[in-house]
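One-letter residues, chain by chain:
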Amino acid sequence: MRLLRAKQVRKQLQFYRIVHGIEAPYAVLLDGTFLHQATKLKIPIAERLRKLLQGAELRLLVPRAVLSELEDLGEVCRPALEYARAECEVLEPKRGAAEDEAAADAIRTAVGEANASHYFVATLDDELRRDLRRVPGVPLLLLNQTVVLLETPSRASKAQTQTAEGAKSVL
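Residues numbered from 1 in each chain as written. Predicted model: local features only at pLDDT ≥ 70, side-chain atom pairs only at ≥ 80, totals over all residues. Heavy atoms only, no water.

A short note on helix α1 (residues 3-20)
Here's step 1: For α1, spanning 18 residues, the distance from its first C-alpha to its last is 25 Å, which sits close to the expected 26 Å at 1.5 Å a residue.
Here's step 2: All of the buried residues along α1 are A6, V9, Q12, L13, F15, Y16 and H20.
Here's step 3: In the stretch just after α1, G21 is the one whose phi turns positive, near 75°. (Helix = DSSP H or I, 4+ residues; strand = E, 2+ residues; numbered from the N terminus. Expected span 1.5 Å × (residues − 1). Buried < 20%, exposed > 50% of the residue type's maximum accessible area, 1.4 Å probe, protein only.)

Things to note about the pairing of strand β5 (residues 140-144)
Side-chain direction in a regular strand flips from residue to residue, so the side chains alternate between the two faces of the sheet.
Here's step 1: Burial runs high along β5: four of the five residues are buried.
Here's step 2: Inspection of the sheet shows strand β4 (residues 119-122) paired to β5 by two bridges, in the parallel sense. If you follow V121 over to β5, its bridge partner there is L140.
Here's step 3: Two elements, β5 and strand β6 (residues 147-150), share four bridges in a ladder whose sense is antiparallel. Pairing of L142 across the sheet is with L149, part of β6.
Here's step 4: The turn joining β5 and β6, which pair antiparallel and follow one another in sequence, is formed by two residues; a positive phi near 60° is taken by Q145. (Pairing = 2+ DSSP bridges.)

Structural notes on helix α5 (residues 78-87)
Here's step 1: For α5, the complete set of buried residues consists of A80, L81, Y83 and A84. Down the axis of α5, the buried set is contained in an arc of 160°. They therefore lie on one face.
Here's step 2: As for α5, its buried residues are in contact with α2 (32-40), α3 (45-52), β2 (58-63) and α4 (64-73). (Arc of directions from axis to C-beta. Contact = heavy atoms within 4.5 Å.)

Following this line, the structure appears as structure tokens:
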């Protein structure tokens, strides 16, 4: 990893640790689009994520709905499905969730309104990333060609920092 990118990632991880309490071992939610693209490009996902996250321990999680989506897509997504089954833990839906929930909705449900479980989310779905940027404290991972990137903290994450700092100065 390039030095400048490593420095930026280190600062972003420090931001998420201090402001939102996200610490190692990191839990990474993988989306079907991310898995498909990474396996298509033969990217060693766990190794690249571990390197990006400064060598920290991590858990790869795949919601049950993502596995269902990959199965429905058939032979095209077979390598992604095999990787998900072999290397990732399956995240079961919460009680009361619909059994036939879409993969993106399952990820939104897992993250919730405040990312209480401190998930990183790896996805290439633009609509899902846009929705998750509105939730404070959700680190987003994406692929740019064969490089795994950590997005800069969203406005919602930074705004939460501003309100917390403002509350401290009032005391």
